[in-house]
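# Structural description and commentary
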Amino acid sequence: MNRLGRKDNETLIEMSLATDGEDSNGPLCETISNTESELRSNSEINKRHQSKDSVFFRDGVRRIDFVLSYLDDPNKEEEKKVERRREFEKNLQKAGLELETEDKKESEDGKTYFVKIHAPWEVLITYAEVLNIKAPIKENDIPPTVENPLDCMLEPFRLPEKVMHPEPDYFTAPFSKSRQELYLIDNESTFFSASRRNRIVYYILTRCPYGTEEGKKKFGIKRLLSNGTYTAAYPLHDCQYWKKSNDPNCDNERYTLYMEWARFLRFYKEQPLDLIRKYYGEKIGIYFAWLGFYTEMLFFAALVGLICFLYGLFTMDENMSSTEICAPAIGGEIIMCPLCDEKCEYWKLNTTCESSKYSHLFDNVATLFFAIFMGIWVTLFLEFWKRRQARLKYEWDLVDFEEEQQQLQLRPEYEAKCTHRKKNPVTQELEMVVKKKTLHENGKLFLCYIGIIFGISLIIASMIAVIVYRLAVYAAFASIMENTQTLQPISGLLTPQLATSVTASCLNFVIIMILNFLYEKIAVWITDMEIPRTHLEYENRLTMKMFLFQFVNYYSSCFYVAFFKGKFVGYPGTYTYMFSRWRNEECDPAGCLIELTTQLTIVMAGKQIWGNIQEAIVPWIWNWWGRRKARCNPENLYSRWEQDHDLQSFGALGLFYEYLEMVIQFGFITLFVASFPLAPLLALMNNILEIRVDSWKLTTQFRRPVAAKAHSIGVWQEILNGMAILSVVTNAFIVAFTSDMIPRLVYYYAYSTNEDSPMSGYINNSLSVFQVSDFLEGKRPENNPENFLTCRYRDYRYPPGHEKKYLHTMQFWHILAAKMAFIIIMEHIVFIVKFFVAWMIPDVPAEVKARIKREKFLTQKILHEYELNKLKQKLCECKTYENMEKEVIATEGKVELSQAM
């Protein structure tokens, strides 16, 4: 029996295209509508007698699939909001949904109305067919893979089987109303999981009309939330997270997730991905699967990075360069030129003794090995993730999802703009499409992209402003610290370079946070203006814009230190100046690599700490503040929908920011890893915490997100591939131009004169001589108490008195040629290995390919047998025996052909 009172294949979309004046004769909902005029003050069942864990209507039978809330807040707009709600809920009832309203008198604050929504069986099966939801038809009888004998070693990290695999494995097929008996329907109330039910209801809510305003048809819960008609729309958690529900029919999945997954003490356990997928949907499940796999792969990178760091630590005392710098007879006798004009003084090279030792921790032979290793590690990570993702697609019935995503999940905003029909070249059917953009609309899009260029320019301008700040305050810090007696006890720790770098980093961090907030709004606005067709297109376009902004925002300072700082300084007497005023910044006396390491550590660690504070502490504080009054009330008055209402909203972009945070971190550990081998270790420790923080906040601090499907991590895969290729180039340039490895190798093989100790004399060889009398007026240091005649600086130039005075020596050009040759050789070696590894590792495991083919064959066979049995039944009842016999023979032929294939 059709409970909806309309055609079997009619959906809400078709209903919404009916004329507005048409009178509906469909069945009325069994519950009251959500309008003030129809609210009953004398409820049949007092709220005090309801369990606070109840996820059912007052009758205790119909499950609450979704909840809408709104406030009783009289104002000028209230009458319009009442009319919108009345029309919206009337159309929801026409679509077959059942509503039940909780009066504001029964709410904890006395102001909030709650509209509970239930989707009956007919609605569920209608939209299950529309959304092409797959349903079980037979239990999977394919033998499981042979277990690895070494799996017993991983037993301490395993979770119970019931937690890891909460449901049996089935063969599935897209649901069809016309052949319900084909599916394994034991109980209509539990056949569709809660996540699938809320996904269906949300699909209806986003497309339900609520009237016409300003000559345009308005529809969708998103608009009603944005204009304040409703204050919230969310599905319910199934129970409290800290204890099980009293309802024997409740699966207590939230409690299980909290106990087995969302607590930090379970950090060493595997993640229950199947349960996450069942409770939150495939999209969130894919994210945690990727995050977990990324963290596992980071273990190997962190281990190798730690070994490289320990190599630098154990060989620190054997480093000839730092030994000569620290030696009083060498470093103590070398007088260096001032680091700024006028205010700075001459200084001795051995004052950088400690920093030169620390520089060896990261600037050694192991750095080259680690840079090459990380280039190969990135490829292995991406290729093995493709295989893991392919396995998940098979296990979660997402093999054919890409086509469904494009065809079925049209955005309501796009559908609202569809005014023309166009023939689909594939299906040859007419489809509603958006008309071609007018000149006015093209002009708005042009302004949008001008806004993108302006935003990136603003980031570059802010970076230049920070550089100017560093140049302007360095001399001031140098003067203040040298002339202030109170700073003398810490002068060895707080140097002018360190003070400038720390304050500039703090300023840069504040600018990054401000620009992040600004660019988020710009990127969303521009993407909305483009009117993408599907949710997938919308997310991909928004992702590319946001990542472009974040890439420039976070990495610009690191690119400056790695590739520009200290590269265009000039030499004493002929320094280069920015805007003809500020002298270009030189590297730290220990070199630029140690400063890049410092910058990378501060930005990376600061971002991770700030991110965890935002993700965990801020939602907890807001929830604590929102629940402070409810704690004073009896427990049985605080209902399930009110508890979830007081939680934070995860939002449509909640998962987007989680991916963005991890991809930015991925850039830090790949693009600049040659300067900081411990970066993967920091990322590993952060990600172990990140998994539990994300799971904890999702399970305890946020409302239950609407379930959504996804077959991959989307456009993030392409972004990771691009960063993997770019990382090879950046690390090659860091080793060649930022570290001192190439100059040392050139000296070792071409310019060393001591066979017993080839690296002795390198420091003296790498410093050029400048005659103090050649300083220009206004640039000469104000103080020269010891009357130094010459000073040294880092470069390869001819000394005073030479016919090529202060020009680059031949050794400079040898080193430059060696650097360029090294970049070309390293890039080609790493790229060849990367592409060979990618070619060797198939994206889909052979076992998964075989299982997919096997399941498709068996599913097709089951469907053919089902149709064959139906035809045989008709044959017995039908009088036209010959015609039906031909039909049976044709169907049997199809089965034989399928078996042969």
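This structure is a prediction, so every number in the text was calculated from the model and none was measured. (Residues numbered from 1 in each chain as written. Predicted model: local features only at pLDDT ≥ 70, side-chain atom pairs only at ≥ 80, totals over all residues. Heavy atoms only, no water.)

By size, the foremost hydrophobic cluster in this structure holds 134 residues, and its most contacted members are Trp290, Tyr294 and Trp377. Ignoring any residue separated from it by four or fewer positions in sequence, one finds Trp377 in contact with Tyr294, Met297, Leu298, Ala301, Phe666 and Ile669. Among the nonpolar cores identified, the runner-up in size contains 47 residues, and Phe88, Leu99, Leu205 and Leu863 belong to it. (Core = buried A, V, L, I, M, F, W, Y, C linked by side-chain atoms within 4.5 Å. Buried < 20%, exposed > 50% of the residue type's maximum accessible area, 1.4 Å probe, protein only. Contact = heavy atoms within 4.5 Å.)

Its 12 residues give helix H6 (residues 194–205) an end-to-end C-alpha distance of 16 Å, which sits within 8% of 16 Å, the value for a rise of 1.5 Å per residue. In terms of burial, H6 is largely enclosed, as nine of its 12 residues are buried. Buried within H6 are the following residues: Ser195, Arg197, Asn198, Arg199, Ile200, Val201, Tyr203, Ile204 and Leu205. (Helix = DSSP H or I, 4+ residues; strand = E, 2+ residues; numbered from the N terminus. Expected span 1.5 Å × (residues − 1).)

Between helix H21 (residues 654–671) and helix H22 (residues 679–701), the least distance of the axes is 11 Å, while the angle of their chain directions is 175°. One finds that H21 runs roughly antiparallel with respect to H22. Mapping the contact onto sequence places Glu658, Glu661, Met662, Gln665 and Ile669 in H21 and Ala679, Pro680, Ala683, Asn686, Asn687, Glu690, Asp694 and Lys697 in H22. Among the residues making up the contact of H21 with H22, the classes are represented as five nonpolar, three polar and five charged. (Axes fitted to C-alpha atoms, helices over the stretch in contact; angles between N-to-C directions. Parallel < 35°, antiparallel > 145°, perpendicular 65-115°, else oblique. Nonpolar A, V, L, I, M, F, W, Y, C, P; charged D, E, K, R; others polar.)

Going through the model one piece at a time under the given rule, you end up with two disulfides. Across the disulfide, Cys337 is cross-linked to Cys791 (sulfur-sulfur distance 1.9 Å). Residues Cys337 and Cys791 share a disulfide whose torsion about the S-S bond is about 85°; that sign makes it right-handed. Note that Cys337 is positioned in the loop between strand S9 (335–336) and strand S10 (347–348) and Cys791 in strand S18 (residues 790–794), a separation of 454 residues in sequence. With respect to class, Cys337 is no different from Cys791; both count as buried. (Disulfide = S-S within 2.5 Å.)

Let us look at the packing of helix H10 (residues 282–314) against H22. The contact between H10 and H22 brings their axes to 7 Å, and the two run at 160°. For the element pair H10 / H22, the angle class is roughly antiparallel. Where H10 crosses over H22, the handedness of that crossing is left-handed. On H22, the residues touching Ile284, Tyr287, Phe288, Leu291, Gly292, Tyr294, Thr295, Leu298, Phe299, Ala301, Ala302 and Leu306 of H10 are Pro680, Leu681, Ala683, Leu684, Asn687, Ile688, Glu690, Ile691, Asp694, Ser695 and Leu698. In the contact of H10 with H22, the residues fall into 17 nonpolar, four polar and two charged. (Left-handed = near helix turned anticlockwise from the far one by under 90°.)

Taken as a whole and judged by the stated rule, the model has 54 aromatic pairs. For the pair Phe299 and Phe300, a centre-to-centre distance of 5.7 Å together with 80° between the ring planes defines the contact as edge-to-face. Under the relative-accessibility criterion, Phe299 is labelled partly exposed at 47%. For Phe300, a relative accessible area of 45% gives the class partly exposed. A cation sits over an aromatic face here: Arg207 above Tyr203, 4.0 Å from the ring centre. One cation-aromatic arrangement involves Arg704 over Tyr279; the distance from NZ or CZ to the ring centre is 3.8 Å. (Phe/Tyr/Trp six-rings, centres within 6.5 Å; stacked < 30°, edge-to-face > 60°. Lys NZ or Arg CZ within 6 Å of the ring centre and 35° of its normal.)

The subject of this paragraph is the UniProt feature "transmembrane region" (unreviewed entry) in the chain. The UniProt entry lists residues 287–314, 365–385, 445–478, 498–519, 546–564, 663–684, 719–739 and 812–841 under the feature "transmembrane region" (unreviewed entry), expressed in the numbering used here. Secondary structure within residues 719–739 divides into 95% helix and 0% strand; the distance between the first and last C-alpha atoms comes to 28 Å. Counting secondary structure, residues 812–841 comes out at 97% helix and 0% strand; the distance between its end C-alpha atoms is 43 Å. (UniProt positions renumbered as here; feature names shortened; annotations may be inferred.)

Turning next to the environment of Tyr241. Structurally, Tyr241 can be placed in the loop between strand S8 (232–234) and helix H8 (253–260). Once the C-alpha coordinates of Tyr241 and Ala262 are considered, the two residues, 21 residues apart in sequence, prove to be 9.9 Å apart.

Further remarks concern unusual backbone geometry. Phi angles above zero are rare outside glycine, and Asn252 is one such case at about 55°. Turning to its location among the elements, Asn252 is positioned in the loop between S8 and H8. Asn252 gets classed as buried once you look at its relative accessible area, which sits at 9%. Unlike most non-glycine residues, Asp397 shows phi in positive territory, near 60°. Here Asp397 shows up in the loop between helix H13 (365–395) and helix H14 (401–408).

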